[in-house]
Amino acid sequence: MGDIDTAALKGNFAAAAANGGDDVAMYFYSYLFLKYPETREMFPPAMTRQRDRLVGALVRIVTDVDNVANLVPYLEDLGRDHRKFGAVAAHYPAVGEALLTTLRHFSGDSWTQQLHDDWAAAYGIVAGAMVAAANKVDESEPPWWDAEIIDVDRRTFDIAVLKVRTNIPHPFVAGQSISVEPTTKRPREWRFYTPANAPGGLEIELHARLVDGGPVSTALVRSAAAGDKLRLGPPFGRMTLDPQSRRPLLMVAGSTGLAPLKAIIDQVARDGGRRTHLYFGARSVREIYDRKDLEAMAERYSWLTVVTAVSDDIRWKGLRGLIGTVAAQAGPWTEHDVFVCGSPAMVESSVKALVSSGVPESDIKFEEFGEA
Amino acid sequence: MTGPTSRFQNLDAVTGTDLRSITFATSRARGRGYDEQQVGSFVANTAAVVDRLRDHLARQAAEINQLRARIDRDSNSNEVAHAISVLTTAQQTADRTVAEADGYSSRVMSEARDLYEDARRNAAVLEQEAEDKARAVYEDASSRAAAIERETIAKIEQLELTSMSAQKELDAQTAYLRTLRDATRTQMEAFLEGLLDRVAEEYGRAHPMAAAEANNRTAQPRNRRAGRLPARATGAVGKPSGPSLRLAGMQERRRLASPNGAIPLPQAQPSDQAQ
């Protein structure tokens, strides 16, 4: 970043953050809402997670402040994504002012004009990248997509399959995730979900698993009803088909990690089919929540093999064990493009099992499902 | 640029004094230039306006600086600090309230999940047990059914055997009875003949003439077949009461001969023949 003293910025940020990241973020938002009350309505009533996110983003930015090549793609995604909150270019100076005021507040006597100028310049670059990215997509896509729930199918007491319809087609690619705001039931709270069908129409299938205490997942699994409004953010994620590759596919899914892989299978089918093995793992028989569709797909597509394994249910008469291990043992998969999706623990153990069975790590694309 | 204003380096910084200090050269073409007095008064007025505007600008700038300084100060002032702390407290209250609600929901859900898991496991165990029991019952029942079948078949076979032996026994008994009948008939014949002889003897002692006649008459029947004897005994004998009395005597004699009432012929027992 040009002639900005990035080391001084890092030092100053570390000193300020030593007061407690949450307190710093609390001061930041209090100042922002005091000075610019109109920004308050872009945020949820409870700000705890929001403060965590802010601190996370600041840490990320400050860490890479001297590595712009790393930072810019992140900032562009961030800027593009912020449009869905209703953030516009006019808000950026307000945030900059709040940020500088906060840093000065926590720096005390160590605050200097030089720090002020360097922070202002650095923030200018960050905001510039975000605004530029936002402006660029402003022409091609809306800040968010309005959608409505048309069907809620509770498959187990904590897994629901939702059918939603957008007002205009959403530009995701099979395997990508989109952030979802349950506008009716839990406004201003967002969480990423992955469509379980390939793009092409207005309808999107979402698989939601309830995370205890998670506001969005609780709203979607327990209280969502047909007719509820949703807002969908832009697509994210790189777990998509390699358009250059014609290699056979191995997919390993744990629980609702099935959704993106189902979407990719849908896409493969539309592209004419390709040898594909899908390994689906659940803890109990009941958690094979999409059995009907899995069986129907295996029936319909001659190129698709679906294998289901259950790890913890004595009633299950089929394959037993962790799905990654079961899949790895059925190998070799060394000629395959591999996709893994599920909980962090499931992804970690599956990737480990596959790599130790000889699959090159570079052939594996994976996505973890976080919490909310 | 030449002329009276060319010495102004910075037109933005021109003051009234600058304007007043300007002197204009008089035109050589007399009578065709501006009125010197009018120009002088215009310059004087303009200079006054410029001075006023400069003043105004300076005051505004000072005010801006003052306000800037105040904003700066205010950011750290007690008032702002107080407002921020009020907002912070309000936010913390909101956060706590929502966190409590989410925490409650989380506890309820995780308890529900535990119950569900327990129920699921128990159900699985119960199902397994029920299946095991059902299998045991089924296996038990089928082995019992098999045993019963085997037993039944054996019984049927035995029954067939038994009926064969029963037939044999029946045949043997029939044969025995036939023998018995024949033997009885022979005995009866002998007895009746003896009886007739005796009757004739007694009768002859009482009426020797009639007896000789009677002996002549009965000499022939002695040679007749035994089967006709009863008819002769009841129908051909002269006095009906005589034979009936003797017949009763005959029965007594039979009883004497065999006190059990059993006829001693033939010797073989039916039970021996059954085996």
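To be clear, the structure that these remarks concern was listed above.
The paragraphs below set out a description of the structure included in this document. Note that the structure is predicted; figures quoted are calculated from it, not measured. (Residues numbered from 1 in each chain as written. Chains lettered and ligands numbered in written order. Predicted model: local features only at pLDDT ≥ 70, side-chain atom pairs only at ≥ 80, totals over all residues. Heavy atoms only, no water.)

## Overview of the overall build of chain A
Part 1 of the argument: Helix and strand content of chain A: 11 helices and 12 strands.
Part 2 of the argument: Here chain A, with 372 residues, has 54% of them falling under the buried criterion.
Part 3 of the argument: At a minimum sequence separation of 6, the contacts of chain A that also span at least 24 residues come to 74%.
Part 4 of the argument: Surface summary for chain A: the accessible area is close to 15,900 Å², and the carbon and sulfur share equals 54%. (Helix = DSSP H or I, 4+ residues; strand = E, 2+ residues; numbered from the N terminus. Buried < 20%, exposed > 50% of the residue type's maximum accessible area, 1.4 Å probe, protein only. Contact = heavy atoms within 4.5 Å. Areas by Shrake-Rupley, 256 points an atom, 1.4 Å probe, with all protein chains shown as cover.)

## A look at the side chain of Glu205 of chain A
Residue and element names in this part refer to chain A.
Part 1 of the argument: Mapped onto the elements of the fold, Glu205 is located in strand E5 (residues 203–209).
Part 2 of the argument: Judged by its relative accessible area of 9%, Glu205 falls in the buried class.
Part 3 of the argument: Polar contacts involving the side chain of Glu205 include one to the side chain of His207, which spans 2.6 Å.
Part 4 of the argument: A distance of 2.7 Å separates polar atoms of two side chains, one belonging to Glu205 and the other to Lys262.
Part 5 of the argument: In this view, Glu205 contacts Val161, Leu162, Lys163, Thr194, Pro195, Ala196, Asn197, Lys262, Asp290 and Asp293; residues no more than four positions away in its chain are not counted. (Polar contact = N/O pair within 3.5 Å; in protein donor to acceptor, adjacent residues only side chain to side chain.)

## Quick notes on the interface of chain B and chain A
For interface size, the figure often reported is the accessible area lost on association.
Part 1 of the argument: Between chain B and chain A, the contact holds 29 residues from the first and 33 residues from the second.
Part 2 of the argument: For the pair chain B and chain A, the two sides together bury roughly 2,700 Å², of which 52% comes from carbon and sulfur.
Part 3 of the argument: Linking chain B with chain A are 8 salt bridges.
Part 4 of the argument: With a shortest N-O distance of 3.2 Å, Arg120 of chain B and Asp313 of chain A are connected by a salt bridge.
Part 5 of the argument: Counting every contact that joins chain B to chain A gives 13 residue pairs in polar contact (both at pLDDT 80 or more).
Part 6 of the argument: Elements that contribute at least two residues to the side of chain B that touches chain A include exactly helix H2 (36–76) and helix H3 (78–206) of chain B.
Part 7 of the argument: Element by element, the count of residues in the side of chain B that touches chain A is highest for H3 of chain B, at 26 residues.
Part 8 of the argument: Residues of the side of chain B that touches chain A, tallied by class, amount to 11 nonpolar, 9 polar and 9 charged. (Buried area = accessible area lost by both parts, 1.4 Å probe. Salt bridge = Lys/Arg side-chain N within 4 Å of Asp/Glu carboxyl O. Nonpolar A, V, L, I, M, F, W, Y, C, P; charged D, E, K, R; others polar.)

## Concerning the packing of aromatic side chains
Residue and element names in this part refer to chain A.
Part 1 of the argument: Summed over all chains, the structure comprises 11 aromatic pairs over all chains.
Part 2 of the argument: Between Phe33 and Phe43, the aromatic rings sit 5.5 Å apart at their centres with planes inclined by 55°, giving tilted as the arrangement. Of this pair, Phe33 sits in helix H2 (residues 21–35) while Phe43 sits in the loop between H2 and helix H3 (48–63), and the two are 10 residues apart along the sequence.
Part 3 of the argument: The class of Phe33 is buried, set by a relative accessible area of 9%.
Part 4 of the argument: Between Tyr301 and Trp303, the aromatic rings sit 4.8 Å apart at their centres with planes inclined by 15°, giving stacked as the arrangement. When sorted by exposure, Tyr301 lands in the same class as Trp303, which is buried.
Part 5 of the argument: Its end group placed over the ring of Phe236, Arg80 keeps NZ or CZ at 5.8 Å from the ring centre. (Phe/Tyr/Trp six-rings, centres within 6.5 Å; stacked < 30°, edge-to-face > 60°. Lys NZ or Arg CZ within 6 Å of the ring centre and 35° of its normal.)

## Concerning unusual backbone geometry
Peptide bonds are mostly trans, and most non-glycine residues show a negative phi.
All names here are of chain A.
Part 1 of the argument: Even without a glycine there, the phi angle at Arg188 is positive, about 70°.
Part 2 of the argument: In this structure, Ser255 takes a positive phi of about 50° despite not being glycine.
Part 3 of the argument: Checked against the element boundaries, Ser255 lands in the loop between strand E7 (249–254) and helix H8 (258–270).
Part 4 of the argument: When its relative accessible area of 15% is taken as the criterion, Ser255 is described as buried.

## So, the nonpolar core
Part 1 of the argument: With 42 residues, the main nonpolar core has Phe28, Tyr29, Leu32, Leu75, Leu103 and Trp119 of chain A as its most contacted residues.
Part 2 of the argument: Mapped by element, the contributors of at least two residues to this core are helix H1 (6–17), H2, H3, helix H4 (68–82), helix H5 (91–107) and helix H6 (113–138) of chain A together with H3 of chain B.
Part 3 of the argument: Broken down by element, this core gets its largest block of residues, 9 residues, from H6 of chain A.
Part 4 of the argument: Those residues in contact with Leu32 of chain A that lie beyond four places of it in its chain are Pro37, Thr39, Ala94, Val95 and Ala98 of chain A.
Part 5 of the argument: Within the second largest apolar cluster, 29 residues are counted, among which are Ala174, Ile264, Phe280 and Ile288 of chain A. (Core = buried A, V, L, I, M, F, W, Y, C linked by side-chain atoms within 4.5 Å.)

## Quick word on the sheet that holds strand E12 (residues 364–368) of chain A
All names here are of chain A.
Part 1 of the argument: On the basis of which strands lie adjacent, the open sheet formed by 6 strands has the order E10-E9-E8-E7-E11-E12 and parallel pairing. Two strands bound the open sheet, and with one partner strand each, they are strand E10 (319–320) and E12.
Part 2 of the argument: Where E7 and strand E11 (residues 337–342) come together, 5 bridges link them in parallel fashion. In the sheet register, Met251 faces E11, and the bridge partner there is Phe339.
Part 3 of the argument: Of the strands in this sheet, strand E8 (276–282) and strand E9 (304–310) are in contact with helix H9 (residues 291–300), which crosses E9 at around 150°.
Part 4 of the argument: Most of the contacts of helix H11 (residues 344–356) go to E11, to which it runs at about 155°, and overall it touches E7, E11 and E12. (Pairing = 2+ DSSP bridges. Axes fitted to C-alpha atoms, helices over the stretch in contact; angles between N-to-C directions.)

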